[in-house]
Structures are given as structure tokens and as C-alpha cells.
Amino acid sequence: MNKGTIQHRTEFLEKIAGKMHRKPRDMSQPIQRPKRLYTPEKDVLAHVTGADLLPVFYKECEKILTDVVETTAASLDNVLRNLVKVHGHGEVVISKDDRFRAFGLKDFSEEDFVYRWDPANGEENVIVTERAQTGIMFSDITLAESATMVMFNDKDKGRAIGLLPETFIGIIPLSTIVPRMTQAAEEINCRIERGEAIASCVNFVSGPSNSADIEYNLVVGVHGPVKVSYIIVTDR
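No experiment lies behind these values; they were computed from the predicted model shown.

Undergrad: Kindly report on the overall build of the protein chain, identifying the contributing residues and their values.
TA: When helices and strands are counted, the protein chain shows 7 helices and 12 strands. Each principal axis of the C-alpha atoms in the protein chain carries an extent, and together these give about 65 × 45 × 45 Å. Taken over 236 residues, the protein chain has a buried fraction of 40%. Counting only contacts in the protein chain whose residues sit at least 6 apart along the sequence, the fraction spanning at least 24 positions is 71%. Accessible area for the protein chain stands at about 14300 Å²; split by element, carbon and sulfur atoms hold 52% of it. Separation of charge centres in the protein chain, based on 29 positive and 34 negative side chains, amounts to 8 Å.

Undergrad: Which residues make up the packing of aromatic side chains, and what values do they have?
TA: Under the definition given, this model contains 4 aromatic pairs. Between Phe57 and Tyr230, the ring centres sit 5.6 Å apart and the planes meet at 35 degrees, which makes this aromatic pair tilted. Placement of the pair is Phe57 in helix α2 (residues 54–63) and Tyr230 in strand β12 (residues 227–233), with a sequence separation of 173 residues. The exposure classification of Phe57 matches that of Tyr230, with both residues buried.

Undergrad: So what about helix α6 (residues 124–131)? Which residues, and what values?
TA: Listed as buried for α6 are Asn125, Val128 and Thr129. Down the axis of α6, the smallest arc covering the buried residues is 100 degrees, so these residues share one side. Across α6 from its buried face, at more than 90 degrees, point the exposed residues Glu130 and Arg131.

Undergrad: I'd like a description of helix α3 (residues 76–86), backed by residues and values.
TA: Within the sequence span of α3, burial applies to Leu76, Asp77, Val79, Leu80, Leu83 and Val84. Looking straight down α3, one finds its buried side chains confined to an arc of 165 degrees; they lie on one side. Along α3, the residues that are exposed and aim more than 90 degrees away from the buried face are Lys85 and Val86. Buried positions along α3 lie against β1 (67–71), β2 (92–94), α5 (106–109), β4 (134–138), β7 (167–173) and β12. Looking one or two residues beyond α3, the residue adopting positive phi is Gly88, at roughly 105 degrees.

Undergrad: Describe the sheet that holds β7, and please don't skip the residues or the numbers.
TA: Across a sheet, strands are paired by hydrogen bonds formed along the backbone, either parallel or antiparallel in direction. Here we have 6 strands laid out as an open sheet, ordered β1-β12-β7-β4-β2-β3, and parallel in their pairing. Sheet topology places β1 and β3 (114–116) at the edges, where each strand pairs with a single neighbour. The sheet shows a mean angle of 20 degrees between the axes of neighbouring strands, taken without regard to direction. Bridge count for β4 against β7 is 5 bridges, and the pairing is parallel. Bridge pairing in β7 links Ile136 to Ile169.

Undergrad: Can you explain the pattern of salt bridges? Please cite residues and give values.
TA: Within the structure shown, the criterion is met by 16 salt bridges. The shortest N-O distance in the salt bridge between Arg131 and Glu91 comes to 2.9 Å. Note that Arg131 is positioned in helix α6 and Glu91 in the loop between α3 and β2, a separation of 40 residues in sequence. Classification of Arg131 as exposed rests on a relative accessible area of 54%. Among the ionic pairs, Lys155 bridges to Asp156, the shortest N-O distance being 3.3 Å. For Lys155, a relative accessible area of 57% translates into the label exposed. A relative accessible area of 17% means that Asp156 is categorised as buried. Residues joined in a network through salt bridges with shared partners are Asp97, Arg99, Asp140 and Lys157.

About the thresholds
- Residues numbered from 1 in each chain as written.
- Predicted model: local features only at pLDDT ≥ 70, side-chain atom pairs only at ≥ 80, totals over all residues.
- Heavy atoms only, no water.
- Helix = DSSP H or I, 4+ residues; strand = E, 2+ residues; numbered from the N terminus.
- Buried < 20%, exposed > 50% of the residue type's maximum accessible area, 1.4 Å probe, protein only.
- Contact = heavy atoms within 4.5 Å.
- Areas by Shrake-Rupley, 256 points an atom, 1.4 Å probe, with all protein chains shown as cover.
- Lys, Arg positive; Asp, Glu negative; His and termini not counted.
- Charge placed at Lys NZ, Arg CZ, Asp CG, Glu CD.
- Phe/Tyr/Trp six-rings, centres within 6.5 Å; stacked < 30°, edge-to-face > 60°.
- Arc of directions from axis to C-beta.
- Pairing = 2+ DSSP bridges.
- Axes fitted to C-alpha atoms, helices over the stretch in contact; angles between N-to-C directions.
- Salt bridge = Lys/Arg side-chain N within 4 Å of Asp/Glu carboxyl O.

Quick look at the structure:
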């Protein structure tokens with residue numbers, strides 16, 4: 001059998017359709033999404049946007065043991081440097097993201113203690129990231145309901161940056177904050193329908209790694225950063 005060849009596809013689908021007491025779907029026609037009578041997932045925080053979502057976001061951050069700092073783009077460099085010190089200083093790894101320059105972090109990105117993830121460096125990226133004290137990345141979509149950063153991890157924005165260092169700092173433009181997972185899923189679906197290439201890994205991060213599997217005792221830092229901080233850039 002040649003690679004990529006599907007054998008007996010029509011017969012298989014016809015059999016499944018028969019068991020479900022319906023006609024087989026015409027594979028030449030696009031899939032039509034069913035119209036639902038009720039969409040309760042869209043009602044949660046439906047009329048809350050922008051800065052009005054921050055109280056919801058802050059309340060959840062308390063639950064997930066995550067510090068939050070607000071600043072403007074003009075003060076972001078200074079705030080980030082101070083927060084890196086709070087996180088123990090040491091080596092820092094950042095993603096290869098144009099927003100570091102656009103948000104006034106060019107000088108910070110070029111510091112000796114800062115390593116910039118680069119796919120051209122291959123395995124070196126992982127080696128440096130594993131020994132680094134802090135990883136820093138921007139949020140692409142942010143969920144207020146769960147204080148979750150959504151990151152489209154690709155070759156320039158390795159998932160390891162938010163997983164291997166001891167601590168993690170997430171930079172969150174206010175414009176990325178949406179009510180909940182519902183809006184993130186809708187945004188991703190819209191990008192797909194527009195024909196945009198979606199990152200191979202869409203990563204959801206909610207505070208430091210933790211587990212309470214054993215007797216409901218919370219243990220932080222099980223399989224990732226032991227400390228996470230968010231910086232909200234209020235004018236972006």
C-alpha cells in the first residue's frame with residue numbers, strides 16, 4: 001500500500017452511516033456546522049471586554065499562585081528587569097518574537113544574560129533553556145476566566161521556554177484578554193477558515209505547574225516552572 005492511500009474508505013463510511021441509520025455524507029461537499037439552539041458557553045462574561053475583564057483575571061491569579069504587575073509599554077523594560085531580579089536573576093531565555101522590539105525591549109533582549117531562542121541553533125536552544133533561571137514569552141490570547149496565557153508555539157517560540165526554566169514571566173498585552181476558552185477557540189477557528197497557518201502547538205499556561213493528585217495536597221513545580229508572574233501592558 002502506498003503511503004497516504006486510503007483503502008476501502010467509501011465502503012467503510014457507508015457501513016458506519018448504515019449503523020447510524022442515515023445516508024453517507026457526500027465527501028465532495030464541505031461540512032456544514034449544525035445550528036445549535038442554545039450556546040451557554042458564549043453567555044459567560046459576554047458583555048465584558050478590555051480592562052473590565054481585569055478584576056476577573058486578578059481574582060483567578062490569586063487562586064493559581066501567580067503575581068501580576070501592570071505597566072505601560074514605555075515602562076515595560078524597567079518593570080521586566082526588576083521582575084527578573086525578583087525571579088532570581090540568572091540566565092534568561094526569550095522567544096524569537098518581534099514584539100520584544102515593538103514593545104521597547106530591544107536593549108533588554110541584547111543583554112549578556114539574555115538568550116534568544118533561534119531555530120538555527122538547533123539543540124543548543126534546549127540546552128540553554130534547561131539551565132536558564134527564567135523564560136519570557138508574550139501571550140497571543142489571554143483567558144480572563146482562568147488567568148490563562150495562550151501561546152502559539154512554533155519554531156521561533158519554543159514551548160520549552162515556558163516549561164524548562166525554573167521560573168516564567170508572561171507579557172500580556174491588554175488587547176489579548178478575552179473572557180474565556182470560547183473566544184480563543186473561535187479565534188483559532190477563524191484563522192483556520194482564513195487559510196492561515198496555525199502553530200504546530202497551541203499552548204495553554206495557567207500559572208506555575210502544580211498537581212494535587214495525591215490526597216488533594218497541592219504541590220507546585222511538578223513538571224515546569226515553580227514561579228510564574230504576569231505583566232499586563234495596559235496600553236497595547
